[in-house]
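Below, each chain spelled out in residue letters.
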Amino acid sequence: MARYVIRRLLQAVPTLVGVSVIAFALVYNSPGDPILIRTFDPNITQETRETLRRQLGLDQHWALQYVSWLTGVTLRGGAVVAEFERSDTSCSFVAWLNTTFCDNGGGILRGNLGTSIATNQPVWDRIVERMPATLQLGVAALLVSLLAGVPLGVLSAVRQRSLFDGSVRVLAVVGNALPSFWLGLMLILFFGVVLGWLPTGGMRTVSLTNEFDPVDRARHLVLPAFVLAVSGVALFSRFMRTETLEVIRTDYIRMARAKGVAARRVWFVHALGNALIPLMTALGPAIFGVLSGAVIVETIFSWPGMGRMTFSAAIQRDYPTVLGAVMFFSLLTIMGNLLSDILYGVVDPRVRLS
Amino acid sequence: MARKKFSILAALLAAALVLAACPQPTPVVETVRETVVVTQVVTQTEEVVVTPTPVPPMQGGVWVEGSSADATILNPILASDSASFDVLNWFFPSLLGQDPFSGAIVPTEMAASWDVSEDGLVWTFNLQDGVMWSDGEQVTADDFKFTYDAIGSDLVETPRKANLDNIESIEVLDPLTIQVTYAEVKCDALNNLSLGWLPSHLYAADYSDVMDSPLNEAPAVSAGPFIFNEWIRDDNSTVLRNDGYWKGAPHMDGWIYKIVPDPGARLAQLQTAELDLIGVQPEQLTTVQLNPDLNLHKFKDDGYSYIGLNQADPANPQAGQDEDGNLVAQDPHPILSDLAVRQAIAHALDYDAIISKVYLGQGYQIASNVLPAVEWAHDPSLRPYAFDIEAAAQILDDAGWTDSDEDGVRECNGCATAEEGATLTIRLQTNAGNTTREDLGALVKDQLDGIGFDIQFEAIEFGTLVGELLGQTFDMVIIGWTGLGTDPNDDAFWHSKFDTPGSGFNFVSYQNARIDELLEQAVSVPGCATADRAPFYHEIQKIIHDDIPYVFVTGSVGNTGYSKKFNGTDPGPWSFYHNIETWSLAQ
């Protein structure tokens, strides 16, 4: 098992490198200049603009910026050590290459995700600050997805081709097709504005003390967790329906029926247990779905998590934050897939992790 | 048995029908009219003066403002976004006040009065005495000097460096007197002195800690109506009443800045009283107006929307001046350098329809570059271009732009600037995602195509658009200016020295030696009296109006929806919170 986990983790390295190259190339070559967006103001001089651009290294080719992002080392043509004397960067000039090498002590390989262009905060600090909010929302949404999706799928299979089955299948399609921003706004209007039962957004009822209140937090979670869970419910219900129907056609179930085991016991003891095993493989994609869905849901519901941070960073062309979030999301997705594979092996002894 | 049941049912049904057919008693209403004549003779009047017992303002309450974006840094010399200033303005004193209704500079903040030397170069400011930081230190001239010296320091990276332009020296004559000496008279330079002051006693004297100070995220002291309490990024910022505020402690307990990115969610939270104030989108106005618990503050904002017309060839952008300040002749734009084409565009647009359909009535037509809000400089005699499609077509015909092949698009047949046979094809761009501008673009294309233009409209990403603008590689652009302020000097848009591809804001490459001269004269009038400056701006407006480097579409209108839970709100176009210390809970 340990060898399997280590091998999978090692396999994740080239995946992450691939993700980083593609993400970096896409982000840095997308239209829009973070400096111009921030300084489109007649009162800001061109010198200031150029200084900012040079300080952030945005005046260099994206491949050089990628190296700097990875290693924290910046290459500049000529002897320009003096430019960086006042900063934290240590520079040295290599005469035979006519190049100045500057090391800012950062670089993702050294565990440093860089500094946000928008807020001047370390990107890692921003992620740590917002991760708890996304985790709360994501876990709640996953729970709702599982608790609603699994029973719906099983019951749908039990009552195959009934009105209930048809309704669940239609709802699954609708749930997948509904844009979450539209559903979110409709729920805000209905439950927040018209009925006044639930708060319309945010993570807490804001006050001058902002004290933590679990009931208040739960009330704020209801709508965003529901919206985020809708596609998960659809995914799990369809998955469970298919798996249950597949299991029910196997020989051992036929045998159980032939032996006169009660139908209820056949469905919920013999069939469900085995149908649940492949569900583990759906957890990885579900985690990815929750993380990507959080970008929109957190924005609509003013939920201060990583999704909203990534969205606003993309709008502001805050490259380091976007890349930090992409890498973090990628890592979470890889870990989620790995976890679901390991769990699969644990739950089903027939599967050997080797 | 079944037959018996049926018989009973039939009998019941018949009875019901009979009852239903019976006439219902009609109520009879008798109206009694009575006329009473009252005759009263007043023989004596007595004036009674009733003095109401003063009711003390109710203490407490919290005001929650909704914002789409969070602050980025709470340092007045490092911040460059409006959200940061929304929060940090509560803490840091500034030299000059602004009248919330006229926008004029007034001595309502740290400067209690000031004197100007005869040559207009030396300004001496006398400061308010007794203004204290919340830690008990006095706010003095040293704080002002420290702040502006920090901006100039090499250790401080700030987009505010331009605030020091033209300032020769800043001297502290005594703790309550500052002297600012300018290199030359520039009448709008006072605005550069309005930044908030840093508490110098909390920073290193060599400014080495300004960039990375924890105070940038949690200001420790305040000299304003509120003191900093907490900042939960992307969620909310809270500030508490400053009991030592020199204008009097606010009655409310505090103020909260809550981040709600989605405009629909902001409106919902205003309706449910989770928010007390939001900027209202035009399509949300009716909802706010119909809500009895809400007020709407409508005001003419200091901005306008326009269509910029590039006067120079976008294939060969050139600087407007050489190194010696002489005008450099530009390669003209093949179509838009023709004044007749610009006049035709100005006449072909249905401004009323644009303002009512695209801006949902939240706008007003303007004639030139100085807004009516700057009353002393605005020329009300100038009339905006009238929508006259026949006149527009006639102007094009007369200028040699005719549709000889009758394909619906005009060609140059003896026109002044383009090659013979060239079609009247022009690119029109705006930034994608701004639905108002996208709608405007579609309407402009529709209306101009209707008289023989071939408008190629595209909405592109904002950063890309800015690159095209500053690079001067565009033909026509829909964009706008906001935050123009109270001084009419907008030389950055028109002076040829700001026609610098890649950086200058005269990106329409407008060149007019007379305009250059007038812009310079208008800001260097000795004494800077508005009456003396006004004639220059009147002439500038007339020339800009006639030359049409911009087609002015609409002046901006702002709308703020806010709750009625506090008494004393008196919002002005330049400040909503100017008297917040006097607000008190309505009940």
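Residues numbered from 1 in each chain as written. Chains lettered and ligands numbered in written order. Predicted model: local features only at pLDDT ≥ 70, side-chain atom pairs only at ≥ 80, totals over all residues.

Asker: Quick rundown of the overall build of chain B? Include the residues and the values.
Answerer: Secondary structure summary: chain B contains 13 helices and 21 strands in total. Relative to the globule expectation of 25 Å for 587 residues, the C-alpha radius of gyration of chain B, 32 Å, shows a markedly less compact shape. For chain B, the spread of C-alpha atoms along the three principal axes comes to 115 × 80 × 75 Å. Per-residue burial for chain B yields a buried fraction of 41% across its 587 residues. Taking contacts inside chain B between residues at least 6 apart in sequence as the whole, the part at least 24 apart equals 64%. (Helix = DSSP H or I, 4+ residues; strand = E, 2+ residues; numbered from the N terminus. Rg over C-alpha atoms; globule rule 2.2 N^0.38 Å. Buried ≥ 20, exposed ≤ 12 C-beta atoms within 10 Å, placed from the backbone. Contact = placed C-beta atoms within 7 Å.)

Asker: Could you give an account of the pairing of strand β5 (residues 122-127) of chain B, naming the residues involved and the relevant values?
Answerer: All names here are of chain B. Relative to β5, strand β4 (residues 111-116) is paired through 5 bridges, and the arrangement is antiparallel. Looking across to β5, one finds that alanine 111 is bridged to leucine 127. Connecting the antiparallel pair β4 and β5 is a turn made up of 5 residues, with glycine 120 showing a positive phi of about 75°. As defined by bridge partners, β5 adjoins strand β7 (residues 177-182) across 5 bridges and the pair is classed as antiparallel. Of the residues in β7, the one forming a bridge with phenylalanine 125 is isoleucine 178. (Pairing = 2+ DSSP bridges.)

Asker: How would you sum up the interface of chain A and chain B? Please name residues and give values.
Answerer: Taken together, the contacts link 43 residues of chain A with 44 residues of chain B. The set of elements that each furnish at least two residues to the side of chain A that touches chain B consists of α2 (34-39), α3 (46-55), α5 (123-158), α7 (180-194), α11 (279-300) and α12 (306-315) of chain A. Among the elements that make up the side of chain A that touches chain B, the one with the highest residue count is α7 of chain A (5 residues). Looking at the side of chain A that touches chain B residue by residue, the class counts come to 18 nonpolar, 17 polar and 8 charged. (Nonpolar A, V, L, I, M, F, W, Y, C, P; charged D, E, K, R; others polar.)

Asker: Give me the sheet that holds strand β2 (residues 90-94) of chain A: which residues, what numbers.
Answerer: Residue and element names in this part refer to chain A. The strand order across the open sheet formed by 3 strands is β1-β3-β2, and the pairing between neighbours is antiparallel. One side of each edge strand has no neighbouring strand; the edge strands of this open sheet are β1 (73-77) and β2. Each adjacent strand pair in this sheet contributes to an overall mean axis angle of 20°, direction not counted. Taken together, the 5 bridges between β2 and strand β3 (residues 99-103) define a ladder with antiparallel strand orientation. Opposite serine 92, over in β3, you have phenylalanine 101 as the bridge partner. (Axes fitted to C-alpha atoms, helices over the stretch in contact; angles between N-to-C directions.)

Asker: I'd like to hear about the confidence of the model for chain B, residue by residue, with values.
Answerer: All names here are of chain B. For chain B, per-residue confidence averages 88 on the pLDDT scale, and residues scoring 70 or more make up 91% of the total. Helix α6 (residues 339-348) holds the highest mean pLDDT among the elements of chain B, 97, whereas helix α1 (residues 2-21) holds the lowest, 44. For residues 9-42, every residue scores under 50 in pLDDT, and the model assigns this stretch 0 contacts once sequence neighbours within four places are set aside. (pLDDT = per-residue confidence, 0-100.)

Asker: I'd like a rundown of the packing of helix α9 (residues 251-258) of chain A against helix α10 (residues 263-276) of chain A, residues and numbers included.
Answerer: Residues and elements named next belong to chain A. Two elements in contact, α9 and α10, have axes separated by 11 Å at closest approach and are oriented at 150°. Remark: the crossing between α9 and α10 carries right-handed chirality. Where α9 abuts α10, its residues Ile253, Ala256 and Arg257 lie against Val266, His270 and Ala271. Along the lines of polarity and charge, the residues of the contact of α9 with α10 split into 4 nonpolar, 1 polar and 1 charged. (Left-handed = near helix turned anticlockwise from the far one by under 90°.)

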